[in-house]
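# An overview of the molecular structure
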Amino acid sequence: MHRITVIGGGFAGLTAAITAAEAGAKVTVHEAHHTLGGRARTAEGPYKTNEGPHALYNGGPHWSWLKQRDLIGPLAPIPPLEAARLRLRHNGVLRRTPPFAMLKLLRPGARQAPVDVDFLTWATEQAGEEGARAAAHYSAVALFHHDPGALSAAFVQERLRRATKLPPEAHYPRGGWGSVIDRMAARAWNLGVRMETLSRVDTVPTDTPVVVATSLDAARRLLRDDSLTWTSGRAALIDLAVRTRRGDAFAVSDLDSPGWIERFTAQDRTLAPAGEQLIQGQIPIAPHETKADGITRAEQLLDLAFDGWRARVTWRRETVANGRTGAVDLPGTSWRDRPAIDRGDGVYLAGDQVAAPGVLSEVSFNSALTAVSLALGRHTLDLKHA
Ligand SMILES: Cc1cc2nc3c(=O)[nH]c(=O)nc-3n(C[C@H](O)[C@H](O)[C@H](O)COP(=O)(O)OP(=O)(O)OC[C@H]3O[C@@H](n4cnc5c(N)ncnc54)[C@H](O)[C@@H]3O)c2cc1C
């Protein structure tokens, strides 16, 4: 029987552990934290905030993999009345529909964008500068980057398409991603995976193949390999609970600069106590900007879309996610140029900043499948890469 060690018990580590165990391997997972889930953890307590993901895109390969194993669980669909309350800030005012020029970039038959040109240059040729800027800023919902227009046109176009598809690809596991993680952990447990929490690994074992399923920063330190870097986003995050008031927006996308605010209790009442709403916002910030700059922009959006919110606040938290929102690709680069999964000597990388396709956590998922396939020396695993 193959033995395999997985370092990191987040979405990538659990995917790797389940895949390897299903293939008959004897798996041990080491997780430094006292609970599994990594960035996909959902907070305990009255406000079920997510540190990372909310949206599970049903166009991704992880969707069918999780579904086949009955790991998604109940979803929280967005009621149509709430979906109609999506607002867009454009030229300083809230509107219900995107500017016409932006729609040109969303047409199903739109041309495939090139890898080696930045999105703003390419999209301006297609739709004019106003539409290009609005589209770039809208894409920040899945990019978390302060200047999406400066990234590879092909990279941004894929995220824009996925984030604007109808019917929407984004689905929300009821109770947050923590519920999916709990089901994945139970599945791993039932397959005989040994999961050791509070088990930080400082030296990579050499007696089994190893999947390093940590963030890329942690992998760089663990493997002492300075080449393990890639660009990512930086965003100010605001979590708010407010007393319920009829007429609040469902979500606000800022088309004047990147930013997204969403009232997650619109689709999932279990996330906050009765009579309160949970709102979470992400405002990408440039390297020279501070958390306060991002929070000020978030408050401007809240002022526009959530009447009297300041007097209704019952709980509030702010933080910065720095390099924690997955890979972004600069012009001339694609996922193939990111740090390779196979590091040699039986060590394989899985995570959301390595050489695998997909949007956000799908990169963690795809790389985990590839890492296990290589680690077990098999080519028969179901590698449904996008
Ligand atoms: C604000 C935000 C919003 C996001 N929104 C979405 C979204 O809507 N949809 C989506 O699909 N994705 C989203 N993402 C991305 C998603 O959260 C990540 O891609 C995914 O959770 C990464 O999983 P992972 O297992 O690769 O890494 P992690 O979750 O970081 O897991 C790595 C694990 O390794 C452990 N570890 C580290 N070092 C060691 C060590 N030496 N020994 C043992 N264990 C170690 C860590 O404790 C951690 O548990 C978002 C992320 C953020 C921050």
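Residues numbered from 1 in each chain as written. Predicted model: local features only at pLDDT ≥ 70, side-chain atom pairs only at ≥ 80, totals over all residues. Heavy atoms only, no water.

Turning to the packing of helix 1 (residues 11-22) against helix 2 (residues 61-68), a few remarks are in order. Packing of helix 1 against helix 2 brings their axes to within 13 Å, and their N-to-C directions diverge by 55 degrees. As the angle between them shows, helix 1 and helix 2 are arranged oblique. Remark: the crossing between helix 1 and helix 2 carries left-handed chirality. Where helix 1 approaches helix 2, its residues F11, T15, I18 and T19 are matched on the opposing element by H62, W65 and L66. A breakdown of the residues in the contact of helix 1 with helix 2 according to their chemical character gives four nonpolar, three polar and no charged. (Axes fitted to C-alpha atoms, helices over the stretch in contact; angles between N-to-C directions. Helix = DSSP H or I, 4+ residues; strand = E, 2+ residues; numbered from the N terminus. Parallel < 35°, antiparallel > 145°, perpendicular 65-115°, else oblique. Left-handed = near helix turned anticlockwise from the far one by under 90°. Contact = heavy atoms within 4.5 Å. Nonpolar A, V, L, I, M, F, W, Y, C, P; charged D, E, K, R; others polar.)

Most peptide bonds adopt trans geometry, and most residues besides glycine take a negative phi value. Looking along the chain, the bond that leaves L166 and enters P167 is cis, with omega of -10 degrees. With phi around 50 degrees, N91 is a residue other than glycine that occupies positive phi space. Here N91 is to be found in the loop between strand 4 (86-90) and strand 5 (93-95). According to the relative accessible area criterion, N91 is exposed, its value standing at 60%. Backbone geometry places L360, a non-glycine residue, at a positive phi of 50 degrees. Along the polypeptide, L360 turns up in the loop between strand 15 (347-349) and helix 11 (361-375). The class for L360 is partly exposed, based on a relative accessible area of 24%. (Buried < 20%, exposed > 50% of the residue type's maximum accessible area, 1.4 Å probe, protein only.)

Right, let's talk about the sheet that holds strand 11 (residues 260-263) for a bit. Adjacent strands of a sheet pair through backbone hydrogen bonds, lying either parallel or antiparallel. Overall, mixed pairing links the seven strands, which are arranged 5-4-10-11-12-9-13 in an open sheet. Since the sheet does not close on itself, it has two edges, and those belong to strand 5 and strand 13 (313-327), each with one partner. Between one strand axis and the next, the sheet turns by 20 degrees as a mean value, whatever way the strands run. Relative to strand 12 (residues 276-284), strand 9 (residues 232-243) is paired through nine bridges, and the arrangement is antiparallel. Looking across to strand 12, one finds that A236 is bridged to I283. Across the face of the sheet, helix 5 (residues 119-138) comes into contact with strand 4, strand 10 (251-254) and strand 11 while running at roughly 130 degrees to strand 4. (Pairing = 2+ DSSP bridges.)

It is worth spelling out the packing of helix 1 against helix 7 (residues 177-190) at this point. Helix 7 packs onto helix 1 with a crossing angle of 30 degrees between their chain directions and a minimal axis gap of 9 Å. The pairing of helix 1 with helix 7 is recorded here as roughly parallel in orientation. Seen from above, helix 1 lies across helix 7 with left-handed handedness. Residues F11, L14, T15, I18 and E22 of helix 1 pack against W177, I181, M184, A185, R187 and A188 of helix 7.

Glancing now at the site of the ligand. What surrounds the ligand is a group of 34 residues, the closest being E31, R39, D352, S361 and S364. Between the ligand and the protein, one listed contact pairs an oxygen atom with a backbone N or O atom of F11 at 3.0 Å. One of the backbone N or O atoms of A32 is found 3.1 Å from a nitrogen atom in the ligand. When isolated, the ligand has an accessible area of 1,000 Å², and the protein chains bury 92% of it. Those elements that provide at least two residues to the shell around the ligand are helix 1, strand 13 and helix 11. Residue classes in the shell around the ligand are distributed as 14 nonpolar, 14 polar and six charged. (Near = heavy atom within 4 Å. Polar contact = N/O pair within 3.5 Å; in protein donor to acceptor, adjacent residues only side chain to side chain. Areas by Shrake-Rupley, 256 points an atom, 1.4 Å probe, with all protein chains shown as cover.)

Judged by which residues are buried, strand 10 turns out to be covered on both faces: A251 and S253 on one side and V252 and D254 on the other are all buried. Of the pairings in the sheet, the one linking strand 4 to strand 10 comprises four bridges and is parallel in character. Residue pairing for strand 10: L86 is matched across the bridge by A251. The antiparallel pairing of strand 10 with strand 11 creates a hairpin that spans five residues between the two strands.

By the element assignment, T49 lies in the loop between strand 2 (26-30) and strand 3 (56-57). Contacts of T49, omitting those with residues within four sequence positions, involve R41, T42, A43, D239, L278, Q280, W315 and R317.

All right, on to the packing of aromatic side chains then. Across all of its chains, the model carries seven aromatic pairs by this definition. Look at F119 and W122: their rings are 6.0 Å apart centre to centre, the planes differ by 50 degrees, and that puts the pair in the tilted class. With a gap of three residues between them, F119 and W122 both fall in helix 5, about one helical turn apart. Note on accessibility: F119 and W122 belong to one class, buried. Both rings, one in Y138 and one in W260, keep their centres 5.8 Å apart while their planes meet at 90 degrees; by these two values the pair is edge-to-face. Of this pair, Y138 sits in helix 5 while W260 is found in strand 11, placing the two residues 122 residues apart along the sequence. The class of W260 is buried, set by a relative accessible area of 11%. Here a set of aromatic residues connected by ring pairs shows up, and it is made of F11, W65, W177 and F365. Here R159 stacks its cationic end above the ring of F155, 3.7 Å away from the centre of that ring. (Phe/Tyr/Trp six-rings, centres within 6.5 Å; stacked < 30°, edge-to-face > 60°. Lys NZ or Arg CZ within 6 Å of the ring centre and 35° of its normal.)

From the geometry alone we can't say anything about function, so treat these as descriptive.
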